[in-house]
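In case you want the letters, here they are:
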Amino acid sequence: MATLVLAWSPVTASVLLTVDGTTWTTVPATVTATRQPSGGEPVKVRGIIGKAVAGGFLVATDHEMPLNTSVAYVVTGYSTAGATVGTATATVSTTATTPGVFMKAPGRPDLTVFCQPSELGDVTSPTVGGVYQVIGGDAVAVAQWSSVAANSTSLALRANVGLEVDRLKAMLGLARVLLIQPVGMSDLDAGWYFAGSATWSNPGHFEAFAFRRCMLPLQQVGMPSGQPGGAGWTWAMLAATYATWTAAKAAYPSWFAAQQGPA
């Protein structure tokens, strides 16, 4: 059976998948990864669907998995003709405990930002339909079969001046359909949201103030489609995990070793 190693990073809230397909009887030409949260339905991992691999090796990041649950992964290898040549399975616990909000862009683990929420607006759940008055009779309620429209709210984020502000602006400059995963917040459901705008303000009203405020009006949506290429740990992820370059080198003797995740 092929080797599948999973490494969980609570700092970036992502799972690193390292696959060694050389132990299969036939080395796979492409692989597809599927995740299944505990009690949930299996979902193909964005960026690892029919992905070509070099010599049977693959290092990729899944940052769209749910938090604080057990997630099972299955990687299936295929030949150039499309025949299944083997599978590998592994399970990881996605435990995140630091209160805050992970803001994620679809298919771009390198854009993930962790911020502190400063304000959450009312969560509105509109009813689809209405009540109509019949002349000379009772009022009649008409609604769609689901009767409930998508939730909407607003979220204000506190971003520290410097890297945090820069990264949040970079993410919002490239994506406005976002995976929002709160930790320690029960009033905001984790899920995909459409950000209708991004309004930045300086609460201190002077340049040297320590943080900025970003207000996002949100509407809950379904998971977006798309199949961008998967990537291993980026330099930004490594820097977020280790305070110094010396600490990173002490943990990993080479960049390839870092891509394999913790031993």
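Everything below is about the structure printed above this text.
One numbering rule holds for all chains: residues counted from 1, following each sequence as written. Given that the model is predicted, a residue must reach a pLDDT of at least 70 before its local features are reported, and side-chain atom pairs must reach 80 or more before they are shown or counted; all residues, however, enter totals for whole chains, interfaces and linings. The basis for every side-chain value is the complete set of heavy atoms in the structure, and neither hydrogens nor water enter the calculation.

### Brief notes about the nonpolar core
Condition: In this text, buried Ala, Val, Leu, Ile, Met, Phe, Trp, Tyr and Cys residues form a nonpolar core when linked through side-chain atoms within 4.5 Å. The buried label applies to any residue whose accessible area, calculated with a 1.4 Å probe on protein chains only, is under 20% of its type's maximum; exposed applies above 50%, and partly exposed to all values in between. Secondary structure elements follow DSSP: runs of H or I of four or more residues count as helices, runs of E of two or more count as strands, with numbering from the N terminus. Two residues qualify as a contact provided that any one of their heavy atoms is within 4.5 Å of a heavy atom in the partner residue.
With 25 residues, the main nonpolar core has L4, L6, V15, L17, I48, L67 and Y73 as its most contacted residues. Looking at this core, the elements with two or more residues in it are strand 1 (3-9), strand 2 (14-20), strand 3 (30-37), strand 6 (57-62), strand 7 (70-78) and strand 8 (84-93). Residues within four places of L17 in sequence aside, it is in contact with L4, V5, L6, A33, I48, L58, V59, A60, T61, D62 and Y73. Judged by nonpolar contacts, the second largest core, of 22 residues, contains V101, A159, L172 and L218.

### Notes on the sheet that holds strand 1
Here is the rule we go by: If DSSP finds at least two bridges between two strands, the strands pair. Working convention: axes come from line fits to C-alpha atoms, limited for helices to the stretch in contact. Angles between N-to-C directions cover 0 to 180 degrees.
Taken in spatial order, the three strands line up as 1-2-6 in an open sheet, and their pairing is antiparallel. Two strands lie at the open edges of the sheet, namely strand 1 and strand 6, each paired on one side alone. The sheet shows a mean angle of 15° between the axes of neighbouring strands, taken without regard to direction.

### Observations concerning the environment of T76
Turning to its location among the elements, T76 is positioned in strand 7. In contact with T76, not counting residues within four places along its chain, are W24, T30, V31, T32, T84, G86 and T87.

### Focus: the side chain of Q181
What counts here: The definition of a polar contact used here is a pair of N or O atoms within 3.5 Å, where within protein one atom must be able to donate a hydrogen and the other to accept one, and adjacent residues in sequence count solely through side-chain atom pairs.
On the secondary structure map, Q181 appears in strand 14 (residues 177-183). According to the relative accessible area criterion, Q181 is buried, its value standing at 4%. There is a polar contact of 2.6 Å between the side chain of Q181 and the side chain of K104.

### Some remarks on the layout of surface pockets
To be explicit about the condition: Computed over the protein atoms alone on a 1 Å grid, cavities are sets of points where a 1.4 Å probe fits but cannot get out and pockets are open sets with protein on both sides within 12 Å along at least five of seven lines; a residue lines them when it has an atom within 4 Å of a point. Grid points are joined across faces, edges and corners, and a volume is the space filled by probe spheres set on the points.
In this model, the second largest pocket occupies a volume close to 160 Å³. Lining the second largest pocket are R35, P37, V43, E64, M65, P66, L179, Q181, A190, G191, W192 and M223. For the lining of the second largest pocket, the secondary structure elements donating two or more residues are strand 3, strand 14 and strand 15 (191-195).

### Here's the deal with the pairing of strand 14
Regular strands show a simple pattern: their side chains alternate between the two faces of the sheet. Of all seven residues in strand 14, six are buried, a share of seventy percent or more. By the bridge criterion, five bridges tie strand 9 (residues 100-105) to strand 14 in an arrangement that is antiparallel. Across the sheet, M103 pairs through a bridge with I180, a residue of strand 14. Looking at chain direction, strand 14 and strand 15 are connected through four bridges and run antiparallel. Pairing of L178 across the sheet is with Y193, part of strand 15.

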